[in-house]
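Each chain is listed here by its residues.
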Amino acid sequence: MKKFLLSSYPDGLSRRWAGSIYEAIQELGTWAWRVGSCLGLLGISVEAATIEGRVSLPKVRVAPVINQRYEIIATGGVLGTNPPLAVVYLEGKFAGAATPAVVQMIQREMAFVPALLPVRIGTKVEFPNLDPGFHNIFSFSLAKRFDLGRYRSDEKPVPSQVFDALGLVTLRCDIHEHMRALVLVLDTPYFTITDEEGSFRLIDLPAGAFTLKVWLDSKTIRERPVVLVRDTARRMDFP
Amino acid sequence: MSWIRFILVFLGGWPLAFGSDEFSDRLEQLLTVSTRDGRLRGRMSGTLEIESYAMQLPAPGLLYSESAFLTAPRWNVFLDVQMGAEFYFFAQVRADRGFDPGAAGAQVRLDEYALRFTPWRDSRLNVQVGRFATAVGNWGARHGAWSNPFITAPLPYENLTGMWDTEAVPLSRVLLLWSHVYPGSQGKETLAEKFQRVPIIWGPSYTTGILVAGELGRWRYAGELKLGSLASRPDAWMHGLEEWTHPTVSGRLGYRPNQMWNLGVSASAGPYLRDFATVNFKTGVGRGDFEQRVVAADVTFGWHQWQMWSEVFASRFCIPKIGDVDTVSYYSEVKYKLTPQWFLAGRWNQQLFSTILDRGVATKWGADVWRIDFSPGYRFSAYTQLKFQYSLQHGDSACRDFTRTLAAQLTLRF
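No experiment lies behind these values; they were computed from the predicted model shown.

Explain the overall build of chain A to me, please; I cannot follow it from the model alone.
Looking only at helices and strands, chain A has two helices and 17 strands in total. Going through the 239 residues of chain A one by one, you find that 45% of them count as buried. Summarising the internal contacts of chain A: among those between residues at least 6 apart in sequence, 63% fall at separations of at least 24. Total accessible area computed for chain A in this model is approximately 12,100 Å², and 55% of it derives from carbon and sulfur atoms.

Take a look at the structure:
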């Protein structure tokens, strides 16, 4: 990772100098974060940092084709699928982060909604089925291997899984082969998904030196170092 | 690259070779095309199936082999095209050693093709024209190697009765001889003879025809007009090889009380005799008199890791001037997923035959059969699956009381 960061500095600046400057910025950021934390503990109100920017997204994916060969009755000839989106997240060490919330990924009109779900490690994801027929969610991904089986829409508790290992989990349906979704399990509470234009806004960030990462697909992750100071907003684009 | 990896890649076993579904996911995207607005979309997909059988001769069911060991590879290629919400086209091309596993040479066939029109989005009406699986029963919707936990079909779909479709039964004694149940003459069934016999319903029955189907609330209906009867063999499914003079009419009415249960009743009527078998008929008897009439009921259940299917078929073969002969066959099948990758399945099948009068003596026109199938399966990935099947059958074969068959099937899909 360090190699990537150093090589991204402008020409003419030696790797050694670049490394020293980077470390100095990191140190500065750490101190800024400590000062901010102390002010917070003293009850002095400070605003958290914000990053906003834009990511160049890949071309629009081709929508899936539903196999209806032996399922004569299948609603939805044209499926709306999520266009390509990116996950933007802040990576670093975060003290005292809250317990992950419970989030949902629904099945509606024979599609997962949302089709891309970033979660913090340890998050419980519920999978309500809002379709009149069965679905059978499963994953063979190394980060999370499970098979929920077939369950009724009105069953309680709603079937769920706790995502307790970092990585990308591909969700599929054993009944409808076109259904696909991704769960990106991250080790950070600070993440967001871009909109369809690639714009994003990360708010309530702590001060300090971190790495801002952009996940585009399983093989494409972009990253840039960032030092955050409280009560400031930064713009970072990923062209 | 090691030889093992080379062989796996050669066979199309990329998920096994590389231990990842990502390659297959990307291939799937590569084989999907679409117009800019997404209204016209097409996808090519398929499976590569390699199945092997170790069996006691004569080969049971729809296996055509004079050897105790048979390997039958098959390459299926599917094309699915969606044109808006109104039109859907699909086709299936197969390269294998015959429609049913056998020792024949390689052949390539267009087994299925159909165009479906759905005028309303709520699926109250669908009209489909082409060559496609029958709407009767519930096995047709899950007969593919990937979704079917077993390698062979249930008994009603593959147990050959003594009835021929190539020649009309001239005497009741002849039918008993064809069925190998004539008292005192229990000869061994030959492979040549096997090509004459028909089951109650021949596999998925990809017969040419037209289908009208829809969903109204919890009810589903389907009615089809097809070229051949449910018992007709693959040779008779194609337009051009059979005439439309005596189409088969079939229908199914389904009810779904909730997501777990699917219930259905079906009926079908049409001639089982091939067109060419009627050439020497005397006046007063026609092809339409040799009718197969079927009534059936099916039930499907699913909940958590359990799935269950059951069907019962009652079939009557009408034989002018001799009488009608009946047979009833049913099966119950259960599948349980032990883990995300392992599953177990069991199936109980039975077929019973009615009697026919031969010189004043009522004799069963077929040997009652029961069979139990057991199948463990494992999914290496979302695209690779290995299944085994052990079957123990009682009856049918004149050579022994019990017939055992062991089968294995590797399925790779893309």
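I tried to follow the pairing of strand β11 (residues 291–303) of chain B on my own but got confused; where do I start?
It is a general feature of regular strands that their side chains alternate between the two faces of the sheet. Residue and element names in this part refer to chain B. Here 11 bridges tie strand β10 (residues 261–271) to β11, and the two strands are oriented antiparallel to one another. What sits directly across from Ala269, in β11, is Arg293. Pairing of β11 with strand β12 (residues 306–319), which is carried by 12 bridges, proceeds in the antiparallel orientation. Counterpart to Thr300 in the pairing with β12 is Trp309.

I would appreciate a short explanation of the confidence of the model for chain A in the present structure.
In low-pLDDT regions, the fine details of the predicted coordinates are not to be read closely. Residues and elements named next belong to chain A. Per-residue confidence for chain A averages 80 on the pLDDT scale, and 74% of its residues sit at or above 70. In the predicted structure, residues 1–22 sits below a pLDDT of 50 and forms 15 contacts with residues beyond four places in sequence or in another chain. For residues 35–46, every residue scores under 50 in pLDDT, and the model assigns this stretch six contacts once sequence neighbours within four places are set aside.

How do you make sense of the pattern of salt bridges when you look at a structure like this?
If the charged atoms of two oppositely charged side chains come close together, the side chains can form a pair. All names here are of chain B. Tallied over the entire structure, the rule returns 36 salt bridges over all chains. Asp96 is the salt-bridge partner of Arg74, the closest N and O atoms lying 2.8 Å from each other. Note that Arg74 is positioned in strand β3 (residues 69–83) and Asp96 in strand β4 (residues 87–96), a separation of 22 residues in sequence. The same class applies to Arg74 and to Asp96, which are both buried. Here Asp373 ties to Arg371 by a salt bridge, and the two come within 3.0 Å at their closest N and O atoms. No difference in accessibility class separates Asp373 from Arg371, as the two residues are buried.

Sorry, what's going on with the sheet that holds strand β13 (residues 191–193) of chain A here?
One key point about sheets: their strands pair by backbone hydrogen bonds, in either a parallel or an antiparallel sense. Residues and elements named next belong to chain A. Spatially, four strands are ordered β13-β2-β15-β16 in an open sheet, and the strand pairing comes out antiparallel. A strand with exactly one partner marks an edge of an open sheet, and here the two such strands are β13 and β16 (220–228). Pairs of neighbouring strands in the sheet enclose a mean axial angle of 20 degrees, with direction left out of account.

Honestly, the sheet that holds strand β1 (residues 49–54) of chain A in this entry has me stumped. Any pointers?
Residue and element names in this part refer to chain A. Taken together, the three strands give an open sheet; going across it, the order is β14-β1-β17, and neighbouring strands pair in mixed fashion. On the outer flanks of this sheet lie β14 (199–205) and β17 (233–235), each paired with one strand and no other. Looking at each pair of strands side by side, their axes are set apart by 15 degrees on average, direction ignored. As paired elements, β1 and β14 share five bridges and run antiparallel to each other. Along β14, the bridge assignment pairs Ile51 with Leu202.

Whenever I open this one, the interface of chain B and chain A confuses me. Can you help?
Between chain B and chain A, the contact holds 56 residues from the first and 45 residues from the second. With both sides pooled, the region where chain B packs onto chain A buries about 4,100 Å², and carbon together with sulfur makes up 47% of that total. Run the count over chain B and chain A and you get nine salt bridges. Here Arg180 of chain A ties to Asp25 of chain B by a salt bridge, and the two come within 3.0 Å at their closest N and O atoms. Linking chain B to chain A there are 25 residue pairs in polar contact (both at pLDDT 80 or more). Class assignment of the residues belonging to the side of chain B that touches chain A gives a composition of 16 nonpolar, 22 polar and 18 charged.

Before we go on, may I ask you to explain the packing of aromatic side chains in this structure?
To describe a pair of aromatic rings, one takes the distance between the centres and the angle between the planes. Inspection of every chain in the model, using the stated rule, returns 25 aromatic pairs over all chains. Centre to centre, the rings of Trp139 of chain B and Tyr157 of chain B are 4.7 Å apart; their planes meet at 40 degrees, and the pair counts as tilted. Within this pair, whereas Trp139 of chain B is found in the loop between β6 (126–132) and α4 (155–158), its partner Tyr157 of chain B is found in helix α4, the two being separated by 18 residues in sequence. Note on accessibility: Trp139 of chain B and Tyr157 of chain B belong to one class, buried. Taken together, the aromatic side chains of Tyr272, Phe290, Phe317, Phe353 and Trp365 of chain B make up a single cluster linked through ring pairs. Here the basic side chain of Arg69 of chain A rests over the ring of Phe78 of chain B, its NZ or CZ set 3.9 Å away from the ring centre. Cation over ring: Lys335 of chain B sits above Phe343 of chain B, and NZ or CZ is 4.8 Å from the ring centre.

Explanation requested: the environment of Lys144 of chain A in the structure shown.
All names here are of chain A. Along the polypeptide, Lys144 turns up in strand β9 (residues 144–150). Sequence separation between Lys144 and Phe163 is 19 residues; the distance between their C-alpha atoms is 6.8 Å. Among the polar contacts made by the side chain of Lys144, one reaches the main-chain carbonyl oxygen of Val162 at a distance of 2.9 Å.

Could you clarify how one ought to interpret the nonpolar core in this entry?
Note on soluble globular proteins: their nonpolar side chains tend to be buried together. Residue and element names in this part refer to chain B. Counting 30 residues, the largest nonpolar core has Met163, Leu175, Trp202, Phe317, Val325 and Trp365 as its most contacted members. Mapped onto this core, the elements with two or more residues apiece are α5 (172–178) and β12. In terms of residues, this core owes the most to one element, α5, which gives four residues. Contacts of Phe317, omitting those with residues within four sequence positions, involve Met163, Val198, Pro199, Ala231, Tyr272, Glu291, Gln292, Gly323, Asp324, Val325, Thr327 and Trp365.

Even after reading the chapter, I still don't get the environment of Pro239 of chain A, so can you show me in this structure?
All names here are of chain A. By secondary structure assignment, the location of Pro239 is in the segment after β17. With 184 residues separating them along the chain, Pro239 and Val55 place their C-alpha atoms 5.9 Å apart. Those residues in contact with Pro239, other than ones at most four positions away along the chain, are Ser56 and Arg222.

How each quantity is defined
Residues numbered from 1 in each chain as written. Chains lettered and ligands numbered in written order. Predicted model: local features only at pLDDT ≥ 70, side-chain atom pairs only at ≥ 80, totals over all residues. Heavy atoms only, no water. Helix = DSSP H or I, 4+ residues; strand = E, 2+ residues; numbered from the N terminus. Buried < 20%, exposed > 50% of the residue type's maximum accessible area, 1.4 Å probe, protein only. Contact = heavy atoms within 4.5 Å. Areas by Shrake-Rupley, 256 points an atom, 1.4 Å probe, with all protein chains shown as cover. Pairing = 2+ DSSP bridges. pLDDT = per-residue confidence, 0-100. Salt bridge = Lys/Arg side-chain N within 4 Å of Asp/Glu carboxyl O. Axes fitted to C-alpha atoms, helices over the stretch in contact; angles between N-to-C directions. Buried area = accessible area lost by both parts, 1.4 Å probe. Polar contact = N/O pair within 3.5 Å; in protein donor to acceptor, adjacent residues only side chain to side chain. Nonpolar A, V, L, I, M, F, W, Y, C, P; charged D, E, K, R; others polar. Phe/Tyr/Trp six-rings, centres within 6.5 Å; stacked < 30°, edge-to-face > 60°. Lys NZ or Arg CZ within 6 Å of the ring centre and 35° of its normal. Core = buried A, V, L, I, M, F, W, Y, C linked by side-chain atoms within 4.5 Å.

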